[in-house]
Amino acid sequence: GAGVSQSPSNKVTEKGKDVELRCDPISGHTALYWYRQSLGQGLEFLIYFQGNSAPDKSGLPSDRFSAERTGGSVSTLTIQRTQQEDSAVYLCASSLGVGQPNEKLFFGSGTQLSVL
Amino acid sequence: KQEVTQIPAALSVPEGENLVLNCSFTDSAIYNLQWFRQDPGKGLTSLLLIQSSQREQTSGRLNASLDKSSGRSTLYIAASQPGDSATYLCAVRRSSASKIIFGSGTRLSIRP
């Protein structure tokens with residue numbers, strides 16, 4: 001696609017429910033990142049994929065959070081048993097992933113998650 | 001552990017002024033540094049990327065500089081316009097295969 005696409009754009013869920021957030025990176029981009037942005041805060045790193053593998057998942061806040069990527073393209077971030085503190089904007093980004101120092105990061109518009 | 005700091009958190013200036021946004025990082029062993037712009041309710045847009053071997057990058061009215069030895073980068077905006085109002089974030093990458101660490105941003109408001 002022309003840009004990074006995230007769905008849904010908004011998600012309202014009840015505490016304790018599971019949610020899945022989807023990211024479609026730019027076609028041909030092998031690197032994919034998930035970040036979380038709480039209201040008025042900076043971006044918190046969650047996980048980084050190169051192809052289908054995740055060399056760095058150090059930012060996942062707890063074992064309720066997991067992510068996968070299939071076919072080197074679409075990624076899904078799953079949050080189980082959601083809590084109110086999970087409410088935030090979840091941002092996905094992609095890059096070519098060829099390891100060049102001039103490689104820019106491209107972001108989607110994010111999914112606004114609200115846990116009631 | 002790399003930490004990225006942006007001061008001030010918010011800045012308001014009248015239209016037409018030149019201004020400088022600051023970014024500091026604790027680990028000088030960086031691969032590259034990017035400046036992004038974020039508009040309310042939107043994702044981030046890359047403005048400028050400075051490679052580790054470079055000192056500055058320019059795009060239109062924007063100029064970003066990098067001083068690795070002091071752990072600092074600045075984003076200079078010339079002749080500011082109301083459309084420049086947004087949050088500006090800097091982000092640092094340690095290596096080609098590492099995560100990218102963001103500062104908390106500077107919220108810029110340009111008064112007409």
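Residues numbered from 1 in each chain as written. Chains lettered and ligands numbered in written order. Predicted model: local features only at pLDDT ≥ 70, side-chain atom pairs only at ≥ 80, totals over all residues. Heavy atoms only, no water.

1. Structural notes on the state of the cysteines
All names here are of chain B.
Stage number 1. The final tally for this structure, using the stated rule, is two disulfides over all chains.
Stage number 2. Note that Cys 23 is cross-linked by a disulfide to Cys 90, the S-S spacing being 2.0 Å. Measuring handedness by torsion sign, the sulfur bridge of Cys 23 and Cys 90 sits at about 75° and is right-handed. Of this pair, Cys 23 sits in strand E3 (residues 19-25) while Cys 90 sits in strand E9 (residues 86-93); the two residues are 67 residues apart in sequence, bridging distant segments of the chain. Of the two residues, Cys 23 and Cys 90, neither departs from the other in class, the shared state being buried. (Disulfide = S-S within 2.5 Å. Helix = DSSP H or I, 4+ residues; strand = E, 2+ residues; numbered from the N terminus. Buried < 20%, exposed > 50% of the residue type's maximum accessible area, 1.4 Å probe, protein only.)

2. Observations regarding the sheet that holds strand E3 (residues 19-24) of chain A
All names here are of chain A.
Stage number 1. Taken in spatial order, the four strands of this open sheet run E1-E3-E8-E7, and their pairing is antiparallel. Edge positions in the sheet fall to strand E1 (5-7) and strand E7 (65-69), since each has one partner strand and no second. Taken over all neighbouring pairs, the strand axes of this sheet differ in orientation by 15° on average, direction set aside.
Stage number 2. Bridging between E3 and strand E8 (residues 75-79) involves five bridges; their strand directions are antiparallel. Following the sheet pairing, Arg 22 is matched in E8 by Thr 76. (Pairing = 2+ DSSP bridges. Axes fitted to C-alpha atoms, helices over the stretch in contact; angles between N-to-C directions.)

3. So, the environment of A:His29
All names here are of chain A.
Stage number 1. Considering the arrangement of structural elements, one finds His 29 in the loop between E3 and strand E4 (31-37).
Stage number 2. Taking the C-alpha atoms as reference, His 29 lies 11 Å from Phe 49; in sequence the two are 20 residues apart.
Stage number 3. Beyond its immediate sequence surroundings of up to four residues, His 29 is in contact with Arg 69, Gly 72, Ser 94, Ser 95, Leu 96 and Phe 106. (Contact = heavy atoms within 4.5 Å.)

4. Focus on the interface of chain A and chain B
Stage number 1. The interface is formed by 20 residues belonging to chain A together with 23 residues belonging to chain B.
Stage number 2. Our enumeration of links across chain A and chain B arrives at zero salt bridges.
Stage number 3. Run the count over chain A and chain B and you get four residue pairs in polar contact (both at pLDDT 80 or more).
Stage number 4. Counting only elements with at least two residues in the side of chain A that touches chain B, the list comes to E4 and strand E5 (43-50) of chain A.
Stage number 5. Of the residues that constitute the side of chain A that touches chain B, the class distribution is nine nonpolar, eight polar and three charged. (Salt bridge = Lys/Arg side-chain N within 4 Å of Asp/Glu carboxyl O. Polar contact = N/O pair within 3.5 Å; in protein donor to acceptor, adjacent residues only side chain to side chain. Nonpolar A, V, L, I, M, F, W, Y, C, P; charged D, E, K, R; others polar.)

5. Side note on the environment of A:Leu91
Stage number 1. In this structure, A:Leu91 sits in strand E9 (residues 88-95).
Stage number 2. Through-space distance from the C-alpha of A:Leu91 to that of A:Gly110 is 4.4 Å; in sequence the pair is 19 residues apart.

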